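What follows is each chain in one-letter form.
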Amino acid sequence: MEESTKMLIEQAERDLLHTYNRYQVVLDRGEGVYLYDIEGKKYLDFVAGIAVFALGYANQAYNDALKRQIDKLLHTSNYYYNVPAIQAAHKLKEVTGMDRVFFTNSGAEAVEGAIKSAMKVHSGKGTGGRSEIIAMEHSFHGRTIGALSVTGNAHYREDFETIDRQVRFAKFNDAESVRALVTENTCAVILEVVQGEGGLIPATTEFLKEVRSLCDEKGILLIFDEIQCGMGRTGSMFAFQNHGVKPDIMTCAKALGCGVPVGAFLMTEETAAKSLVPGDHGTTYGGNPFAAAAVCEVLRQYEERDIPGHVKEIAPYFEKKLDEIAAAHPCILQRRGCGLMQGLVFDRPVAPVIRAAMDRGLILINAGADILRFVPPLIIEKEHIDEMAEILEQAIRETEEA
Ligand SMILES: *Cc1c(COP(=O)(O)O)cnc(C)c1O
């Protein structure tokens, strides 16, 4: 490691709150599916800022769209209309099939809004008031207090559980366990269509259909968190579209802005008619002209380049390569996931593999201690998958020998 890198890391560790154990690298710029650190070392990126940079780095059309918007108008309050937000909302409705959009600054903020929307529907007027939420074990919905409260993984929730949120956790892909938790007081069910942080676990169609009909039967709102699995990652624009099951409320973020911080929650007209009204919810930055311009350009490129189609085409090759690696190494127990959202389950912590891959110029990340997670840019081609597989093989072999 060069002296300048060392000094920057030391300074960061003095100044930043220590909430991350960061890898010992200072990233500087990107180009397509590659990143470069300040020493000029090149990395193949199979993380994409955790499922964010779907369209690749140094995407000229995207950068130009942002620059044009910067020169025009960065921010107005949500008390006024602006053209990019109007266009972004319209496009997002089209690709989700939902009817109403609220833009946020992050995924967690979208989850907060989704929970509030459901709470509002069942706030008491006409329906008697309901306050319980059913979430899933191993789920992840964000780090703010509200989003944390529906996060199933206790590791994230411990130490912050002083507020009684009336959240119950059901078994993912087990509709009977959801049904068993339903009471007169159940307001909403929230779930990820493919669990991300929880270990790359896709919901089954059967499970989603049963939960949908359970919710219909009991007047419970169904919330799908598509923050990680949405935006083309599974080969459909949104993962729920693979199953023919529609939520009442959904969340979106991560790849929605491809680097500009923006999220959204959306709902059906029927839900909106009973939910938030002026004064109930707001955000200063959410969907400002800059963020909305990013959403417009991202969705334009998704359509022009048929990103979901590309994912559908390339994913089987990706799965085949990962299956080959899994078969060659007894320390890998399983491959699972969907599209370009994949995980290799190890019988041991994967941190050494990630470090060894990084040394060799491949960026990977974990999901839990024992799962290697792959959420690459959605524009990867076979050659990048081959390159990844080769480096990963070496990294696994090296850690097996150690
Ligand atoms: C990342 C993520 C979130 C939280 O998004 P932030 O932008 O980090 O707040 C919520 N839900 C899921 C499924 C996620 O993957």
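Residues numbered from 1 in each chain as written. Predicted model: local features only at pLDDT ≥ 70, side-chain atom pairs only at ≥ 80, totals over all residues. Heavy atoms only, no water.

**Here's the deal with the site of the ligand**
Basically, it comes down to this: The nearness test applies per residue and asks whether one of its heavy atoms lies within 4 Å of the molecule or strand. Think of a polar contact as two N or O atoms within 3.5 Å of one another; within protein, one of them needs to be a possible hydrogen donor and the other a possible acceptor, and neighboring residues in sequence only count if both atoms come from side chains. Per-residue accessibility takes into account occlusion by the displayed protein chains alone, with areas from the Shrake-Rupley method and a 1.4 Å probe. For this classification, Asp, Glu, Lys and Arg are treated as charged, while Ala, Val, Leu, Ile, Met, Phe, Trp, Tyr, Cys and Pro are nonpolar and the rest, including Gly, are polar.
In the region of the ligand, the neighbouring residues are S106, G107, A108, F140, H141, G142, E192, D225, I227, Q228 and K254. Within the backbone of G107, an N or O atom sits 2.8 Å from an oxygen atom of the ligand. Within the contact set of the ligand, an oxygen atom lies 2.7 Å away from a side-chain nitrogen or oxygen of Q228. Isolated, the ligand exposes 380 Å² of accessible area, and the fraction of that covered by the protein chains is 81%. Of the residues assigned to the shell around the ligand, the class counts are three nonpolar, five polar and three charged.

**Notes on the sheet that holds strand β15 (residues 362-363)**
Rules: In this scheme, strands are said to pair when DSSP sees at least two bridges between them. In this text, helices come from DSSP runs of H or I with a minimum length of four residues, and strands from runs of E with a minimum of two, each type numbered from the N-terminal end.
Within the open sheet, the four strands sit side by side as β1-β2-β3-β15. Their pairing is mixed. Whereas interior strands pair on both sides, the edge strands pair on one side only; in this sheet they are β1 (27-31) and β15. Where β1 lies against strand β2 (residues 34-37), four bridges are found, and the strand directions are antiparallel. When the sheet's bridge partners are listed, E31 is paired in β2 with Y34.

**Focus: the environment of V211**
Under the convention used in this document: Three exposure classes are used, based on accessible area relative to the maximum for each residue type with a 1.4 Å probe and protein chains only: buried under 20%, partly exposed in between, and exposed over 50%. For this analysis, residues touch if any pair of their heavy atoms sits within 4.5 Å.
Mapped onto the secondary structure, V211 falls in helix α9 (residues 205-218). Taking relative accessible area as the criterion, V211 reaches 1% and is therefore assigned buried. When the C-alpha atoms of V211 and L222 are compared, they prove to be 8.1 Å apart, with eleven residues separating the residues in sequence. Beyond its immediate sequence surroundings of up to four residues, V211 is in contact with V178, V189, L191 and L222.

**As for the domain arrangement of the chain**
Inclusion rule: These domain limits were set by an automatic method or by a database of domain assignments. Buried area is understood as the total, over both parts, of accessible area removed when two parts are fitted together, assessed with a 1.4 Å probe. Any Lys or Arg side-chain nitrogen found within 4 Å of a carboxyl oxygen on Asp or Glu counts as a salt bridge.
When cut into domains, the chain gives domain 1 (3-58 + 307-401) and domain 2 (73-305). Each partner contributes residues to the interface: domain 1 has 26 residues there, and domain 2 has 25 residues. Here domain 1 packs against domain 2, burying approximately 2,200 Å² in sum over the two surfaces, 64% of which is carbon and sulfur. Looking at the side of domain 1 facing domain 2, the largest losses of area belong to L55, I307 and M341, adding up to 28% of the total buried there. Applying the counting criterion to the domain 1 and domain 2 interface returns one salt bridge. The partner of E197 in a salt bridge is R373, and the shortest N-O contact between them spans 2.9 Å. Inspection of the domain 1/domain 2 interface yields ten residue pairs in polar contact (both at pLDDT 80 or more).

**Remarks on the pairing of strand β14 (residues 341-346)**
Buried residues dominate β14, accounting for six of its six residues. Of the two faces of β14, the one lined by M341, G343 and V345 and the one lined by Q342, L344 and F346 are each fully buried. With six bridges connecting them, strand β13 (residues 332-338) and β14 associate as antiparallel partners. Residue pairing across strands places G337 opposite Q342, the latter belonging to β14.

**A word on the sheet that holds strand β5 (residues 132-136)**
Strand pairing in a sheet is mediated by backbone hydrogen bonds. Such pairs are either parallel or antiparallel. Let me state the cut-off plainly: Only the contacting stretch of a helix is used when fitting its axis, a line to C-alpha atoms as for every element, and angles between N-to-C directions run 0 to 180 degrees.
Overall, mixed pairing links the seven strands, which are arranged β4-β12-β11-β10-β7-β5-β6 in an open sheet. Among the strands making up the open sheet, the edge pair consists of β4 (100-104) and β6 (167-170). If you compare each strand with its neighbour and ignore which way they point, the axes differ by 20° on average. Direction of pairing for β5 relative to β6: parallel, over a ladder of four bridges. Its bridge partner being in β6, I133 is matched across the sheet by V167. Across the sheet, helix α5 (residues 107-121) is in contact with β4, β5, β7 (186-192), β10 (221-225), β11 (249-252) and β12 (263-267); its angle to β11 comes to roughly 170°.

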